[in-house]
Structure formats: structure tokens, C-alpha cells
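Residues per chain, in single letters:
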Protein chains: 4
Amino acid sequence: MQQHTTMNDIETILTELREFNRERDWDQFHNGKDLAIAISIEAGELLEAFLWKSPDDAKVEKVREELADVLNYAFQMADKYCFDIKEIMQDKIRKNAAKYPSDKAKGSAKKYNEL
Amino acid sequence: MQQHTTMNDIETILTELREFNRERDWDQFHNGKDLAIAISIEAGELLEAFLWKSPDDAKVEKVREELADVLNYAFQMADKYCFDIKEIMQDKIRKNAAKYPSDKAKGSAKKYNEL
Amino acid sequence: MQQHTTMNDIETILTELREFNRERDWDQFHNGKDLAIAISIEAGELLEAFLWKSPDDAKVEKVREELADVLNYAFQMADKYCFDIKEIMQDKIRKNAAKYPSDKAKGSAKKYNEL
Amino acid sequence: MQQHTTMNDIETILTELREFNRERDWDQFHNGKDLAIAISIEAGELLEAFLWKSPDDAKVEKVREELADVLNYAFQMADKYCFDIKEIMQDKIRKNAAKYPSDKAKGSAKKYNEL
């Protein structure tokens, strides 16, 4: 019986990003420092959607565009460092779970060192 | 024959993030504006790994931690807005492909409006 | 009659910053790119004072510290580029006054291209 | 003999910024959180001048414009909090001098907790 190997979502996106950069010969620019700068710039553009506005009053289309930029650069940076995206995200969730035990952190926005 | 439905990576991570926040009753804090702020803060901490350093001289462990924070907040923000992460990332790659046609953009780091 | 030449505030601060860096031999690290990175990192730390909080609920001491960091790096960057701080700030106020004429912009938080 | 009281540079700039905002009735938008967001956005635009470039290869005109924006918002935030700009900057220089004693920090870009 035939087994269709379905590529995972994260891998699918990475494949498209690699292809995009290969076609433009852009890997040469993608050092760690400039990728971190790119993420910060896009994070700033995402913030701009909320400036002088109440918390949920941003234009959804603008949020969607800028958040996609943050994610695309973050994926490219992970790829540059050969990180397994799922693994580093899950590791961090586990670490945060230890730093913020639910019985102490429940309903509180305090930083872990203030709990 | 039994078909195991395997959850894809993005959905797996989102499920863990939702569970993490539900256990701590933290959804109440997660408005769009503060999530955008959180992404910017983490992007700044990621930048810190590269400050006063040559482009690829950052400590990998620090990059890994801070990049995971950026990604985790970006996923939570996408979830808050009910965006399909794969879709918004692929849409943006397509838009960028149109903005930066490979024949013009090849090997150039110029912005699309300077090409 | 003797005329005491009083150094103005901006020049006084710049003199202290130059002396601080000279004593530590830090000018070698202060290229434009890393100074811009430093400003972004400090801006992120300033943002952290407001995360998950209502607009004026930050700890004043934290705001004071982080804002001073932003200002100190911004002054060092201006100095690196030999900008006259007062002049570039006043120029920008004039440009913004033209972009946002008071009769159109009054009471509105819209961007100039939406007015 | 007549004594001309000359207004200090910082006070001159603050007076212009206050007048600018008063004419547009913009003080209502200038809470601490949005001013911190505005500084971060401008810091991101300043970073953009250096993206994919060697450390001193940015366009000076762009650096000048964006740095002026960072400074203008930082001054407005200081004013909002009634900070004495000269004082908070000098205080921070003194604190940094204690954190980074010149004999230990000389020629080193390490963080104070790594010295």
C-alpha cells in the first residue's frame, strides 16, 4: 500500500524560504546579526499597527502582514543556525512552565523573579 | 486499515501554548498590543546576543533561547488573531516574490523601491 | 568684566560621554550599526516597563533608568556622526510641523498619509 | 549691567516640542506606554538604515532623520514623566562608571557581569 509522506508544515515553509533565497542569491546577506536586525525592524513595524490605539484596535490586515514578516525572518534565522524550530519552541515552553509554576503564576502578570 | 491522523507541527506547538496559558489563566493579558510589545522586547533580547560582535560571533545558546521566545510570542499572537500561520507566511513569501523578481533582485540587498 | 562662558547642557553631557568612553577605550566598538542596535535594545528594555500593564502603570524608576540608556546611546550616536543634536531635533520638528499642519492634525492620531 | 538669561538647549527643544503638541492637541495620546512604543518604532527605523550593510555604510541622511525621531520622542517621554533630562543622563553615566570600572573594562566589550 502506498504511503504518502506528507511534509510537515514547518518543513514546507522552510523549503519555500530556502528556494526564495536561493533564486535571489540572498543567503550571502543572511548572517546572524542582520537576521536579528531584520526581526527587530519587522517587530517595530508590527508595533506600529498599535501606536496611539486601544489594545485591540489595530488594522487586522496590517497585523497579518507584519506578523508574517516577523515569522518569516525568525524561521530563516532558525534555519541559518540549523535549529529544529519545533524543538526550540517546545523546550522554551517547558522552561517557562518551570519558571512560572501554575499555582504561583495563575492570573498574575508578574515576572518570575517577582512571584 | 487504520489511519492515524498526525497533528502537524504548528498545531502541536499551538496546542501546547494554549494549554500553558489556560493553566495560568494568562489569556486575559494577551491583547494584540501587549503581544506586539512582547515580540519587540524579545527581538531586542535577541539583538543583544550580537551587540559589539562580528556578525556570526554570538553565543548560540543565547540565540536559541531568545529566538524561541520571539517565535512563541509570534505564534500566540497569530493564534489570538485566528490567523493560519502557514497561510500568512506563504502569502507573504508570494508577495515578496512579486516585489523582488529574481532577475532584478538577484545578488542585491537593495529595497524593492530602489531596484 | 569677566564673562563666564557656560557650556550648554547638551555639550556638558557629550563631554562626559566622550570622557567615559575614552577612559575605557570603547570608541573602537562604537560603529554606527552597533550603536543603532544598542538604542533598539534599550528601547526594548524601556518597553518592558509597560508590558501587560495599563498605559501609565509602569514603575517610574525603571522608566527613568531605561530612558536614560536610550538617550545616552542616542547622544553617542549623534556624536559619532558629528550631528548637532539641537539642530537635527529642531529640523525634524519643523518637518513634522509641515507634515502635520495643526488645522488638519488637531486632535487626530492618524498618520500624515491618512489625514 | 544687563544679564541676558539664555535658555538652555534642552529647555529650548522641550519648549518647541510642547508647543508643537499643544497646537495639535496631541498630549491626550502621549501616555507612557505609547511613547515607549513610539521610541521602539523609531529605533527600528534607525536600524533599517544598517540592514544588510557593513557597520558604517548607512545613508547619513536616513540616520540623521531617524535618530532625530528617537531623540524627539525620548525628550517627550522624559517631559511626560517630569524627568530632568540632563540629570537622568548624568546619573546613568555615573552608575555605568561604577559598573564598568575603567581598569577592568578598558578595551573590553564584555557585559559588566562577565568582566
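Residues numbered from 1 in each chain as written. Chains lettered and ligands numbered in written order. Predicted model: local features only at pLDDT ≥ 70, side-chain atom pairs only at ≥ 80, totals over all residues. Heavy atoms only, no water.

Colleague: Could you give an account of helix α2 (residues 32–48) of chain C, with specific residues and numbers?
Modeller: All names here are of chain C. Taking 1.5 Å as the rise per residue, α2 with 17 residues should run 24 Å; its terminal C-alpha atoms sit 25 Å apart, in good agreement. Burial analysis of α2 places 15 of its 17 residues in the buried class, the great majority of the element. The N-cap residue of α2 is Asn-31: its side-chain oxygen and the backbone nitrogen of Lys-33 are 3.0 Å apart. (Helix = DSSP H or I, 4+ residues; strand = E, 2+ residues; numbered from the N terminus. Expected span 1.5 Å × (residues − 1). Buried < 20%, exposed > 50% of the residue type's maximum accessible area, 1.4 Å probe, protein only. Polar contact = N/O pair within 3.5 Å; in protein donor to acceptor, adjacent residues only side chain to side chain.)

Colleague: Give me the relation of the copies chain C and chain D: which residues, what numbers.
Modeller: For the pair chain C and chain D, the best superposition has an RMSD of 0.0 Å and corresponds to a rotation of 180° with a translation of 0.0 Å parallel to the axis. Given the turn and translation reported, the copies of this chain are related as if by a two-fold rotation axis. The share of interface residues of chain C whose copies in chain D are also at the interface is 100%, consistent with both copies meeting through the same surface. (Least-squares fit on C-alpha atoms with pLDDT ≥ 70 in both. Contact = heavy atoms within 4.5 Å.)

Colleague: Any chance you could break down the interface of chain A and chain B for me, citing the residues and the numbers?
Modeller: At the junction of the two partners, chain A supplies 70 residues and chain B supplies 70 residues. Counting each side, the surface lost to burial between chain A and chain B is near 6300 Å², with a carbon and sulfur contribution of 66%. Of all residues in chain A, the largest losses of buried area upon contact with chain B belong to A:Lys33, A:Arg64 and A:Met89, amounting jointly to 10% of the total for that side. Along the contact surface separating chain A from chain B lie 34 residue pairs in polar contact (both at pLDDT 80 or more). Among the secondary structure elements, those contributing two or more residues to the side of chain A that touches chain B are α1 (9–24), α2 (32–48), α3 (60–80), α4 (85–99) and α5 (102–105) of chain A. The biggest single contributor to the side of chain A that touches chain B is α3(A), with 16 residues. Taken together, the residues that form the side of chain A that touches chain B break down as 38 nonpolar, 13 polar and 19 charged. (Buried area = accessible area lost by both parts, 1.4 Å probe. Nonpolar A, V, L, I, M, F, W, Y, C, P; charged D, E, K, R; others polar.)

Colleague: Go over unusual backbone geometry, please, and point to the residues and values.
Modeller: Residues other than glycine seldom take positive phi values, yet A:Cys82 does so here, at roughly 55°. Structurally, the position occupied by A:Cys82 is in the loop between α3 and α4. We note that B:Trp52 has phi near 60°; this positive angle belongs to a residue other than glycine. Among the structural elements, B:Trp52 can be located in the loop between α2 (32–48) and α3 (60–80).

The analysis is restricted to geometry; functional conclusions fall outside its scope.
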